Every structure is written in C-alpha cells, then in structure tokens.
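# Residue-level structural notes
Each chain, written out:
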Amino acid sequence: MLDADFFRRWMTVTTASVDREADRLTALDSPIGDADHGSNLRRGFTAVSTVLEKEAPETPGAVLVLAGRQLISTVGGASGPLYGTLLRRTGKALGDAAEVDEARFAEALRAGVDAVMQLGGAAPGDKTMIDALVPAVDALSHGFGAARVAAEQGAEATTPLQARKGRASYLGERSIGHQDPGATSAALLIAALTDADSDTHTDKE
Ligand code: ADP
Ligand code: MG
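What this report covers is the structure whose coordinates are included nearby. All residue numbers refer to position in the chain's written sequence, counted from 1. Both sets of labels track the order of writing: A upward for chains, 1 upward for ligands. Local features in a predicted model are, by the rule used here, given only for residues with pLDDT of at least 70; side-chain atom pairs are given and counted only at 80 or more, and totals for whole chains, interfaces and linings are based on all residues. Neither water nor hydrogens contribute to the side-chain values; these are computed over all heavy atoms in the structure.

### Examining the site of ligand 1
- Inspection of the region around ligand 1 gives 20 residues, with His37, Asn40, Ala78, Ser79 and Asp180 positioned closest.
- In the model, an oxygen atom of ligand 1 is placed 2.6 Å from a nitrogen or oxygen of the Ser79 side chain.
- What qualifies as a polar contact is a pair of N or O atoms within 3.5 Å, subject to a donor-acceptor requirement within protein and to the restriction that residues adjacent in sequence count only when both atoms come from side chains. Backbone polar atom of Gly182 to an oxygen atom of ligand 1: 2.9 Å apart, as the coordinates give it.
- Within the complex, the protein chains bury 92% of what would otherwise be the 570 Å² of accessible surface of ligand 1.
- Think of it this way: any DSSP run of H or I at least four residues long counts as a helix, any run of E at least two long counts as a strand, and we number them from the N terminus. Going through the elements one at a time, α2 (37–55), α4 (79–94) and α8 (181–198) are the ones with two or more residues in the shell around ligand 1.
- With three residues, the single largest contributor to the shell around ligand 1 is α8. Throughout, near means a residue has at least one heavy atom within 4 Å of the molecule or strand. Accessible surface area values rest on a Shrake-Rupley calculation with a 1.4 Å probe, where residue burial reflects the displayed protein chains alone.

Laid out in structure tokens, this is it:
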C-alpha cells in the first residue's frame, strides 16, 4: 500500500532529480523553447518540497493537492499549471484515504493526465509531456518499473515529432529533431516513483 510518506518521497525524489537534471532540461528547451524549463521546474519542485515539509499533509491525496497548488503558484511557464493540474487532480481523485493501492493510484493518475490534456488541449503525438505521461499511465498496471520505461521511451519518441502545442509549435517543422523538454521532465517524475518505492525497503505490503 502507498501512504502519505510514499507520496512525500515521490515529491522529494522528483525535486532532487529535477535539480540534478535542470541544466539538461533547459538545454532541451533552448532550440525549441525559451531555455527556462529546468529553472522553472527547479523553482517549482523546490517550493513543493519546502511546503510539504512545513505543512506535513497526512494523506496521499492531501500531499498531491498541496504539491500541485504550490507548482501552480510558483511556476510562471506553461509547465507549472500543467504539472500543478496533474498533481492536484490526481490528489483529488485519491480522496482522503490514508493509504491507496497501486491500482487506485493508477486510476487517479489517469484522471490527472486527462485533466492536463483538457487544460492544455494536447493529445498524444503533439510533442508534449503527454507523450511520456500517457504511455506511463498505460503501463502502470505492470508496475512502476514498467511505467518508467514507457515514459522514457515516450520522451525519446518525441524527437522526430513536429510540435503542435506550446512554444515549440511556433517553430513548425523546425521543431522536428529535438526531444521535448516537458516529456523529458515527465519521465523524471515517473522514474521517481520507482525510487520512492525502493526507499520503502522493508515493511511494505
Ligand atoms: P514555457 O513553454 O512556458 O516556457 P516550460 O518551458 O516550463 O514552459 O515547459 C515547456 C513544456 O511544457 C513543453 O516541452 C511541453 O512538454 C509542455 N507543454 C507546453 N504546452 C503544453 C500543452 N498545451 N499541453 C501539454 N504540455 C505542454
Ligand atoms: Mg520554456
């Protein structure tokens, strides 16, 4: 079962990994964007980790709702409201259960991804974070490891695509040949699930 501690760890591990990869995310955002994706997410997730430590929400849903709200209020770029919506909507779908199983989490994350698609209007194949998130959610019934692989493959598969949403879409065909920064950070977020999970070691199940 996944408890509030697990979801806090998910956010902390994501913060560390975004921090470590910020330069790469920003480098990916320079040919097809405005070179701020790494710094946007670093600022956002650092604020998430800080507020989670301060307020210590007690349920999985409350952790994600607070994290999402913090991203929305801290990140100016497109990715802030989108990731914020992802986490907030996922958190809302988890309700106020003290623990959730992986199937329930997968269902909630699907609701979160649907909300991102509704907010941003992107579909799979538009060269956005959706191209990592949708395959990840589809694979989640096979475990966090499978979701991670699916998200990483989804992010890599954005390279030959032409962007149809967000800043990169202004470039038209010139967006082809570059991996999407948001799909890359989405893969980091999903990969962090396996690390948050392996940190549980003992007394799981
Ligand atoms: P900005 O584009 O405002 O500078 P960021 O650089 O932080 O914001 O984030 C860019 C990423 O956001 C893109 O690589 C893409 O994955 C994602 N993105 C942009 N617009 C959308 C959208 N409408 N739907 C889904 N994802 C989007
Ligand atoms: Mg940008």
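There is more to say, and it comes next.
### Points about the packing of helix α5 (residues 102–120) against helix α6 (residues 130–139)
- As a rule, the C-alpha atoms of each element are fitted with a line to give its axis, helices using only the stretch in contact, and angles between N-to-C directions run from 0 to 180 degrees. The interhelical angle for the contact between α5 and α6, taken along N-to-C directions, is 155°, at an axis separation of 10 Å. When the interaxial angle is binned, α5 and α6 end up roughly antiparallel. The crossing of α5 and α6 is left-handed. Contacts between α5 and α6 involve Ala106, Leu109, Arg110, Val113, Val116 and Met117 from the former and Ile130, Leu133, Val134, Val137 and Asp138 from the latter.
- Its residues assigned to classes, the contact of α5 with α6 comprises nine nonpolar, no polar and two charged. With respect to orientation, any angle under 35 degrees is reported as roughly parallel, any angle over 145 as roughly antiparallel, any angle of 65 to 115 as roughly perpendicular, and every other angle as oblique. For a crossing to be left-handed, the near helix must be turned anticlockwise from the far one by less than a right angle; the clockwise case is right-handed. Throughout, a contact is declared for two residues whenever any of their heavy atoms are within 4.5 Å. Note on residue categories: nonpolar means Ala, Val, Leu, Ile, Met, Phe, Trp, Tyr, Cys or Pro, charged means Asp, Glu, Lys or Arg, and polar means any other residue, Gly included.

### Focus: the coordination of the magnesium ion (ligand 2)
- Any N, O or S atom lying within 2.8 Å of the metal counts as a donor, and for Na, K and Ca the limit rises to 3.2 Å; water is left out, so some sites can look incomplete. In the first shell of the magnesium ion (ligand 2), the protein supplies Asp29 (OD), Asp34 (OD) and Asp36 (OD), at 2.1 to 2.3 Å from the metal.
- Along the chain, the residues donating to the magnesium ion (ligand 2) fall in the pattern D-x4-D-x1-D.
- For each residue, the accessible area found with a 1.4 Å probe, counting protein chains only, is set against the maximum for its type, and the residue is called buried under 20%, exposed over 50%, and partly exposed in between. Residue Asp29 is classed as buried on the basis of its relative accessible area, which comes to 8%.
- The class for Asp36 is partly exposed, based on a relative accessible area of 21%.

### Details of the nonpolar core
- Phe7, Trp10, Met11, Phe45 and Phe105 are the most contacted members of the largest nonpolar core, which totals 55 residues.
- When residues in this core are grouped by element, the largest group, nine residues, is from α8.
- In this structure Met11 touches Phe45, Val48, Ser49, Leu52, Leu64, Ala67, Leu87 and Leu189, once residues within four positions along its chain are discounted. In this text, buried Ala, Val, Leu, Ile, Met, Phe, Trp, Tyr and Cys residues form a nonpolar core when linked through side-chain atoms within 4.5 Å.

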